[in-house]
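# Per-entry structural report
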Amino acid sequence: MDIKSVCVFCGSRMGARPDYLEGARALGTELARRGLTLVYGGTSVGLMGAMADAVLAGGGKVVGVLPQVLSDREIAHKGLTELHLVDSMHTRKAMMAQRADAFIAMPGGVGTFEELFEITTWAQLGIHHKPIGLLNVADFYAPLLALMRRAVDEGFIPEARAQPFACEASPGVLLDAMLRLGQPLAPDKAVLRPEQT
């Protein structure tokens, strides 16, 4: 699969461990080294800002998508290759998804979780066929993987979808795994109407 741009979901805060900041910078550096464009939420704060700075420092391109209401709070990153100011969070997510060939979730909060689950749901429904990865810094996503396993065991997720994303602690290893992953599984027919199958 040809990946030229990667959308990254991550925290607008730095988090409690220095590992998270190191991970954001390492991912940004690796994206720039590979010539991959970063697509992200457009802010200058937290892990988001640190990652964007690392891409730019490495000579890479960064596309930010930010709702106007957040720009008005003066957290827009001023040095991006492109900054798109949009009318809502819904428009932001749709544009980020459209501009990206793959998705990575780093550690973050509720917004990061929501973005990850929405893009994973879209893959399950066949809305996109792009690889998804978890940058599992400091084993941050271990509880999520356990929750996915619980949902499989309880009959809410098919066994084949127990882990619908690549999951690695190293940015380079994760990107390599996502390239191997290619297109995810066909849409889950259990969630589609008969005319869609």
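Now for a quick tour of the structure. Predicted model, so just to flag it, every value in this text is computed and none were measured.

## A few points about the overall build of the protein
Across its full length, the protein holds seven helices and seven strands. At 16 Å, the protein has a C-alpha radius of gyration in line with the 16 Å of a compact globule built from 197 residues. Taken over 197 residues, the protein has a buried fraction of 47%. Taking as baseline every contact in the protein between residues at least 6 positions apart, the subset at least 24 positions apart corresponds to 70%. Carbon together with sulfur atoms contributes 54% to the accessible area of the protein, which is approximately 9900 Å² in total. In the protein, the 19 positive side-chain charges and the 21 negative ones have mean positions that sit 2 Å from each other.

## Focus: the environment of glutamine 68
Note on placement: glutamine 68 falls in helix α3 (residues 68–71). Among the residues examined, glutamine 68 registers a relative accessible area of 36% and is labelled partly exposed. In this structure the C-alpha to C-alpha distance between glutamine 68 and glutamate 82, which are 14 residues apart in sequence, comes to 15 Å.

## Points about the packing of helix α1 (residues 18–33) against helix α2 (residues 46–57)
Packed helices, taken two at a time, are described by the angle between their axes plus the distance between the axes. For the pair α1 and α2, interaxial distance at closest approach is 7 Å and the crossing angle is 35°. Of the two possible hands of crossing, α1 and α2 adopt the one that is right-handed. Two secondary-structure elements touch here, α1 through Tyr20, Leu21, Ala24, Arg25, Leu27, Gly28, Thr29, Leu31 and Ala32 and α2 through Leu47, Ala50, Met51, Ala54 and Val55. Among the residues forming the contact of α1 with α2, the class breakdown is 11 nonpolar, two polar and one charged.

## Observations concerning the pairing of strand β2 (residues 37–40)
Judged by which residues are buried, β2 turns out to be covered on both faces: Thr37 and Val39 on one side and Leu38 and Tyr40 on the other are all buried. Bridging between strand β1 (residues 5–9) and β2 involves three bridges; their strand directions are parallel. Bridge pairing in β2 places serine 5 opposite threonine 37. For the crossover that starts at β1, traverses α1 and ends in the parallel β2, the hand is right-handed.

## Description of the nonpolar core
By size, the foremost hydrophobic cluster in this structure holds 29 residues, and its most contacted members are Val6, Val8, Leu31, Leu38, Ile104 and Met106. Among the secondary structure elements, those contributing two or more residues to this core are β1, α1, β2, α2, β5 (102–105) and α7 (171–181). Those residues in contact with valine 8 that sit more than four places away from it in its chain are Leu27, Leu31, Leu38, Val39, Tyr40, Met51, Ile104 and Met106. Counting residues in each nonpolar core, the second largest holds 25 residues, with Phe9, Ile132, Ala162 and Phe165 among its members.

## A closer look at the packing of aromatic side chains
For the structure shown, the criterion picks out four aromatic pairs. Seen from their ring centres, phenylalanine 9 and phenylalanine 103 are 6.2 Å apart, and the 15° between their planes marks the pair as stacked. In this pair, phenylalanine 9 is assigned in strand β1 and phenylalanine 103 in strand β5, connecting sequence segments 94 residues apart. Judged by relative accessible area, phenylalanine 9 falls into the buried class, the value being 5%. Here phenylalanine 103 falls in the buried class, since its relative accessible area comes to 1%. A centroid spacing of 5.9 Å and a plane angle of 85° characterise the contact between tyrosine 20 and phenylalanine 140, whose relative ring orientation is edge-to-face. Of the two residues, tyrosine 20 sits in helix α1 while phenylalanine 140 sits in the loop between β6 (132–135) and α6 (142–153), which places them 120 residues apart along the sequence. Classification of phenylalanine 140 by relative accessible area gives partly exposed; the value is 25%.

What counts, and at which threshold
- Residues numbered from 1 in each chain as written.
- Predicted model: local features only at pLDDT ≥ 70, side-chain atom pairs only at ≥ 80, totals over all residues.
- Heavy atoms only, no water.
- Helix = DSSP H or I, 4+ residues; strand = E, 2+ residues; numbered from the N terminus.
- Rg over C-alpha atoms; globule rule 2.2 N^0.38 Å.
- Buried < 20%, exposed > 50% of the residue type's maximum accessible area, 1.4 Å probe, protein only.
- Contact = heavy atoms within 4.5 Å.
- Areas by Shrake-Rupley, 256 points an atom, 1.4 Å probe, with all protein chains shown as cover.
- Lys, Arg positive; Asp, Glu negative; His and termini not counted.
- Charge placed at Lys NZ, Arg CZ, Asp CG, Glu CD.
- Axes fitted to C-alpha atoms, helices over the stretch in contact; angles between N-to-C directions.
- Left-handed = near helix turned anticlockwise from the far one by under 90°.
- Nonpolar A, V, L, I, M, F, W, Y, C, P; charged D, E, K, R; others polar.
- Pairing = 2+ DSSP bridges.
- Right-handed = clockwise from strand over helix to strand, strands pointing away.
- Core = buried A, V, L, I, M, F, W, Y, C linked by side-chain atoms within 4.5 Å.
- Phe/Tyr/Trp six-rings, centres within 6.5 Å; stacked < 30°, edge-to-face > 60°.

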